[in-house]
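# Close look at the chain arrangement
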Amino acid sequence: VRRFLNDKDEYIVAEAARAINDDLSIPGALPDLAATLNNASFTSEPLLRRAINASLRVGGDAQLQALLDFARRKDASKELRTEALAALGTWASPSVLDRVDGRYRGVVKRDAVAARAKVEPQLAVLLQDAEPEILTATADMMANLGVTAFNPRLVEILKNSNAPDVRAAMLTSLGTLQYNDMESLLRQSMADADENVRARALGLLDGNTLSAAALADVVNAIFEKGSVKEQQQMLRTLSTFPAAKMEPILDKLVTRMANQELSPNINLELAEAVDSTKSERLRSRLASLKPKGEGMANFMDALTGGDRQQGRNYFLNNSTGQCSRCHAINGRGGDVGPSLTHIGSTLSREKLLESLIEPSARLSPGFGTVMLALKDGQTVTGVLTEESPQELVLRTSEAEPLKVPVARIAKRENFPSSMPPMGYIMSKREIRDVVEFLAGLK
């Protein structure tokens, strides 16, 4: 099979790469696949991703150097150069799952010191790259490998870059690398013009080093002038702080919530922060402000404030929820359930949340079975195909649809939906993100 890596047709070479890397693989041919990374004429993404992965799996000095050389190539796509840098970042302890096909490959441990020694001479060039994605990936790689020799250069980029994503990445990596003057960098970043950078800085705050007074000042500033994203991040950060520092601050926030002075978009984070204190008094105060009841009432924190992109990722890719297995968006997904392409124009946020928590409460026309007890004593059962305030239309064993005026119905029973109640499968934050995503599909 490895002979086909020398074929003149790049499509054939890519197919050979699949045969060598994927599924159970052909381990003896992995070094040959890794070597294709040195051939500058190849542009096929499926081929090059597998060559990068093979280099990581083989794990020799030659393969490490090939990844470094590829990452520096200006003629290669930035997406693939970023993938090469990400693979380098995991060099000392790669994921047990294959980077391409997700198959379990087992635990691998390598010498991080040797990897750092090989990587450090190349960093000066990588940190001068004009592509923000390459700078970000390089900083991530350095943090993962524990390379501290270039911390001053990361600080310089943090202070001078025009790209918010780059500034956020530099700050995160410097925090991971335990830069000795993080406090001044955090203060600078909390005044950044971009809310994502400010939120990243908030996420790096350390409750063990900040005084209670300093922490209170930061929180007050965030809840007076900060964006929703910053307020959410502040509460997530507070959840990691010692309870003695948190409780007075959260007590005031609960009071502000009672006075309707806080955005409902932070309700979930506030509840999580209060729970983390283990304070029954605070929990009781917050519970008194929430809707009473079961089912939907327990999930009203998930109604607003979600991350649309995270919701999209969950819907399309999460293997636990498996949303796209049954529902399609713009033709992508299954047809077991109704298409959700324009669901945000059809259902309110409350109904979207209900459809996740109590899927049998409302049946989408064409996908749910109902049983109707009529006022004249008859009982009819069928698939609901249309519904209006005046009548229900059912598909039964008869040739023609059955139209039943609402005025004739004495009792209606919806058969349970085949969709499980997602509150048992998804976290509240995941539910909130998916609601945010679905609400935007118009």
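Residues numbered from 1 in each chain as written. Predicted model: local features only at pLDDT ≥ 70, side-chain atom pairs only at ≥ 80, totals over all residues. Heavy atoms only, no water.

Across its 12 residues, helix H21 (residues 428-439) extends 16 Å between first and last C-alpha, which sits within 8% of the 16 Å expected from 1.5 Å per residue. In terms of burial, H21 is a largely internal element, 9 of the 12 residues being buried. All of the buried residues along H21 are Ile431, Arg432, Asp433, Val434, Val435, Glu436, Phe437, Leu438 and Ala439. Elements that come into contact with the buried residues of H21 comprise helix H13 (228-238), helix H15 (267-277), helix H17 (308-317), strand S1 (328-329), helix H19 (343-346) and helix H20 (349-357). (Helix = DSSP H or I, 4+ residues; strand = E, 2+ residues; numbered from the N terminus. Expected span 1.5 Å × (residues − 1). Buried < 20%, exposed > 50% of the residue type's maximum accessible area, 1.4 Å probe, protein only. Contact = heavy atoms within 4.5 Å.)

Turning our eyes to something else, we now look at the nonpolar core. Phe223, Met234, Leu235, Leu238, Leu250 and Leu270 are the most contacted members of the largest nonpolar core, which has 84 residues in total. With 7 residues, helix H7 (residues 132-145) is the largest single contributor of residues to this core. The residues contacting Leu250, other than those within four sequence positions of it, are Leu235, Leu238, Leu270, Ala273, Val274, Thr277 and Leu282. (Core = buried A, V, L, I, M, F, W, Y, C linked by side-chain atoms within 4.5 Å.)

Here the focus is H13. For H13, a buried count of 8 out of 11 residues is recorded, marking the element as mostly surrounded by other parts of the structure. Those residues of H13 that sit buried are Glu230, Gln231, Gln232, Gln233, Met234, Leu235, Thr237 and Leu238. Residues of H13 that are buried in the fold lie against helix H11 (195-203), helix H12 (212-225), helix H14 (243-258), H15 and H21.

Let us look at the pattern of salt bridges. If you walk through the whole model with that rule in mind, you get 33 salt bridges. Taking the shortest distance from any N to any O, the salt bridge between Asp75 and Arg73 comes out at 3.0 Å. Two residues, Asp301 and Lys290, come together in a salt bridge whose shortest N-O distance is 3.2 Å. Note that Asp301 is positioned in the loop between helix H16 (280-287) and H17 and Lys290 in the loop between H16 and H17, a separation of 11 residues in sequence. For Asp301, a relative accessible area of 8% gives the class buried. Salt bridges here are not isolated pairs; linked through shared partners, they connect Glu45, Arg49, Glu83 and Arg99. (Salt bridge = Lys/Arg side-chain N within 4 Å of Asp/Glu carboxyl O.)

Moving on, we get to the pairing of strand S3 (residues 368-374). Here S3 shows one buried face, formed by Gly368, Val370, Leu372 and Leu374, and one open face, formed by Thr369, Met371 and Ala373. Pairing between S3 and strand S4 (residues 379-387): 6 bridges, direction antiparallel. Bridge assignment links Leu372 to a residue of S4, and that residue is Val380. Linking S3 back to S4 in an antiparallel pair, the connection comprises 4 residues, with Gly377 at a positive phi of about 100 degrees. (Pairing = 2+ DSSP bridges.)

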